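Chain and residue survey
In case you want the letters, here they are:
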Amino acid sequence: MSPWRMSRTFPGSPVAITEARRFVTALLSTWPVTEDAELIVSELATNAIRHSASGRFGGCFTVAVHATHSRIWLGILDQGGQRAPHPLPPQADEEGGRGLALVAALATSWGVTGDEQGRIVWATLNPAPEKTAAR
Ligand SMILES: Nc1ncnc2c1ncn2[C@@H]1O[C@H](COP(=O)(O)OP(=O)(O)O)[C@@H](O)[C@H]1O
Ligand SMILES: [Mg+2]
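We now turn to the structure provided with this report. Since the structure is predicted, the reported quantities are computational estimates derived from the model, not experimental observations.

**A few points about the overall build of the chain**
- Along the chain, the regular secondary structure elements total 4 helices and 5 strands.
- Against the globule reference of 14 Å for 135 residues, the chain gives a C-alpha radius of gyration of 15 Å, in line with a compact fold.
- Each of the three principal axes of the chain carries a C-alpha extent, and together these read 45 × 35 × 25 Å.
- Looking at the chain as a whole, 38% of its 135 residues are labelled buried.
- Taking the contacts inside the chain whose residues are at least 6 apart along the sequence as the reference set, 64% of them involve residues at least 24 apart.
- In the structure as shown, the chain presents an accessible area of about 7,900 Å², 52% of it carried by carbon and sulfur atoms.

**Notes on the sheet that holds strand β2 (residues 60–67)**
- Strand order in this open sheet of 5 strands is β1-β2-β3-β5-β4, and the pairing throughout is antiparallel. Strands with a single pairing partner mark the edges of an open sheet, and in this sheet they are β1 (4–11) and β4 (109–115). Taking each pair of neighbouring strands and ignoring which way they run, the sheet shows an average axis angle of 15°.
- Pairing geometry for strand β3 (residues 72–77) and strand β5 (residues 118–125), over 6 bridges, is antiparallel. Its bridge partner being in β5, W73 is matched across the sheet by T124.
- The strands touched by helix α1 (residues 15–27) within the sheet are β1 and β2, with β1 carrying the most contacts at an inclination of about 165°.
- Here helix α2 (residues 34–51) sits on the sheet in contact with β2, β3 and β5, set at roughly 15° to β3.

**Observations concerning α1**
- Taking 1.5 Å as the rise per residue, α1 with 13 residues should run 18 Å; its terminal C-alpha atoms sit 19 Å apart, in good agreement.
- Of the residues making up α1, those classed as buried are A16, I17, A20, F23 and V24. One side of α1 carries all its buried residues, which in axial view fall inside an arc of 120°. Among the exposed residues of α1, those oriented more than 90 degrees off its buried face are V15, R22 and A26.
- In this fold, the buried residues of α1 make contact with β1, α2 and β2.

**Here we look at the packing of aromatic side chains**
- Summed over the entire model, instances satisfying the criterion amount to 2 aromatic pairs.
- The interplanar angle of 65° and the centroid separation of 5.9 Å between the aromatic rings of F10 and F23 together place this pair among those described as edge-to-face. Of this pair, F10 sits in strand β1 while F23 sits in helix α1, and the two are 13 residues apart along the sequence. Note on accessibility: F10 and F23 belong to one class, buried.
- The interplanar angle of 25° and the centroid separation of 5.5 Å between the aromatic rings of F10 and F61 together place this pair among those described as stacked. Here F10 is found in strand β1, whereas its partner F61 is found in strand β2, with 51 residues between them in sequence. Note on accessibility: F10 and F61 belong to one class, buried.
- Ring-pair connections join several aromatic residues into one group, and the members of that group are F10, F23 and F61.

Thresholds, definitions, all that
Residues numbered from 1 in each chain as written. Chains lettered and ligands numbered in written order. Predicted model: local features only at pLDDT ≥ 70, side-chain atom pairs only at ≥ 80, totals over all residues. Heavy atoms only, no water. Helix = DSSP H or I, 4+ residues; strand = E, 2+ residues; numbered from the N terminus. Rg over C-alpha atoms; globule rule 2.2 N^0.38 Å. Buried < 20%, exposed > 50% of the residue type's maximum accessible area, 1.4 Å probe, protein only. Contact = heavy atoms within 4.5 Å. Areas by Shrake-Rupley, 256 points an atom, 1.4 Å probe, with all protein chains shown as cover. Pairing = 2+ DSSP bridges. Axes fitted to C-alpha atoms, helices over the stretch in contact; angles between N-to-C directions. Expected span 1.5 Å × (residues − 1). Arc of directions from axis to C-beta. Phe/Tyr/Trp six-rings, centres within 6.5 Å; stacked < 30°, edge-to-face > 60°.

Below is the structure:
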């Protein structure tokens, strides 16, 4: 398989979360990690809209997918702002605060780059080693 990369920019409104998830579903439909990728993109797109300048009027965010034969890299590019992504400690009785913890649990690796001008929250998924281990 030749490596490929695709990206798409979405408006910073809640309806775009579904569109971003569908974009990734369509791209990764033949991969064994589609559901994990969908969950990760949903959480990160929600965060971009809720916590970064992407959620302001006229804002946008970009979803990028890079795939090689053994690894998928997902990146959500937002428009920055004063707050920075940070996983919150578990709070048993409270709604929310679990998005980045979920991303960390599902992804092989993840991270944040950028600054208040714009950030990328990225995650990788490695489908191949799991398949090898199951053999
Ligand atoms: N893209 C982002 N830009 C700025 N801050 C973010 C971003 N994503 C997450 N954060 C910060 O990290 C915290 C943890 O995110 P998360 O685990 O998804 O919980 P929640 O979104 O429910 O607050 C958020 O409350 C927010 O302060
Ligand atoms: Mg969140």
